[in-house]
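Reading the structure
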Amino acid sequence: TRLYQTNTPRISVNHDASTHLQVTRKLSINPGDTVISNQHKRDFVQLGGHPGCFHIAGPGCLWKQQAKEGEVEAKVLKELNESSLHSYVPDFMGAKEHDGKKWIGMEDLMCHFKDGCGMDIKMGTRTFKESEVKNQKLRTDLYEKMVNLDPKEPTDQENSDRAITKLRYMTFRERESSSQTLGFRLEAMKIWGSETNKDFKTLKHKDQVKNALKIYFNPLSKSGVEGFLRELENLYQLQTESTFFKEHEFVGTSLLFIYDHERVGIWMIDFGKTTPIRDMLDGGQITHTKPWKLGNYEDGYFFGMESLITIVKEIYEEREDDDENTYQHTTLRVN
């Protein structure tokens, strides 16, 4: 895990990793077991996912329920922990079946922060798997969902059928957010003094998304925003150099941003739809930048990284320089 330490100008910067918040991890035997002492209790902040799919498993640990289709996320998380991207994903702590459900034991990233502010950004131009939309069956329920979102969207033929395919609905839904225009969309954020906000689904244009990101970054010093920018750039370089990344379709994954008064950090999370594609395509790799069409498995992830880095860089450059009384963030990696 990498974290960033901050200090006031009145306190000297200590580059000894032992000064960081240390958490002794203890994973419960089963999801739902009570193993948390009073000193480790905290309010659990869930920015995304289905309610109830997480359990605090003990100090520094979480149990996450896997999707119905099996052990995809556990396998991907384990492999990423053994790759060059290991410091940008939660630590994998095991997997098990309990009460007929499959669970993953993983690092609780929020445990490194005191009253942390989190933000979930869904990456890519496509957040559904190709296998989800190959069925050409016409569905009335998806037509009704589309009409509820935009009554003018259906074509004359679709209005006559009063039904659409899942592919039609999913591509429409992505187009209504910044997933199509920027390659990422803001899912949720939680900052000091406010409840978790998930009202970002219709933000489509760059200026709208940028203004929302400014709200999240506002409590940080300029050096804090710089820390996030530096980590995005470093992560992007590791991703582009990673054979694992080139050989997988990263669909529905997120970047988790967290900061508090002392630290900032970024992690890749949510790998339940990450799929190996080396046996599905000639050459066995994708670019993560080319436009998607059914059968090419492109996900637009790198397009999203480039857009996100550009916007965060603009926010950083527009900030006034920190004064002498501002918290100064220093980048200090802890592996």
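For the structure itself, look to the data block above.
Residues numbered from 1 in each chain as written. Predicted model: local features only at pLDDT ≥ 70, side-chain atom pairs only at ≥ 80, totals over all residues. Heavy atoms only, no water.

Brief notes about the nonpolar core
Residues Tyr-216, Phe-217, Leu-255, Phe-257 and Leu-308 are the most contacted members of the largest nonpolar core, which totals 55 residues. Here this core gets 9 residues from one element, more than from any other, and that element is helix 9 (residues 301-318). Setting aside chain neighbours within four positions, we find Leu-255 in contact with Met-119, Asp-120, Ile-121, Met-123, Leu-232, Leu-235, Ile-266, Trp-267, Met-268, Tyr-301, Met-305 and Leu-308. Formed by 10 residues, the second largest nonpolar core is a distinct cluster that contains Val-133, Met-146, Met-170 and Phe-172. (Core = buried A, V, L, I, M, F, W, Y, C linked by side-chain atoms within 4.5 Å. Buried < 20%, exposed > 50% of the residue type's maximum accessible area, 1.4 Å probe, protein only. Helix = DSSP H or I, 4+ residues; strand = E, 2+ residues; numbered from the N terminus. Contact = heavy atoms within 4.5 Å.)

A short note on unusual backbone geometry
With a phi close to 70°, Asp-270 is a non-glycine residue in the positive phi region. For Asp-270, the location among the structural elements is in the loop between strand 10 (264-269) and strand 11 (275-276).

What to know about the packing of aromatic side chains
Here the distance between the centres and the angle between the planes together describe a pair of aromatic rings. Considering all chains together, one arrives at 19 aromatic pairs under this definition. Seen in terms of ring centroids, Phe-217 and Phe-257 are 6.4 Å apart; in terms of plane orientation they differ by 65°. Their pairing is edge-to-face. Of this pair, Phe-217 sits in helix 6 (residues 206-217) while Phe-257 sits in strand 9 (residues 254-259), and the two are 40 residues apart along the sequence. Judged by its relative accessible area of 0%, Phe-217 is buried. Phe-257 gets classed as buried once you look at its relative accessible area, which sits at 0%. (Phe/Tyr/Trp six-rings, centres within 6.5 Å; stacked < 30°, edge-to-face > 60°.)

Topic: the sheet that holds strand 9
Here 4 strands make up an open sheet; going across it, the order is 7-6-9-10 and the pairing antiparallel. With partners counted over all chains shown, the strands left at the sheet margins are strand 7 (184-190) and strand 10, one partner each. Averaged over all pairs of adjacent strands, the angle between strand axes in this sheet comes to 20°, irrespective of strand direction. Along the sheet face, helix 7 (residues 222-241) touches strand 9 and strand 10 and points at about 30° away from the line of strand 10. (Pairing = 2+ DSSP bridges. Axes fitted to C-alpha atoms, helices over the stretch in contact; angles between N-to-C directions.)

Purely spatial values, then, with no claim about function.
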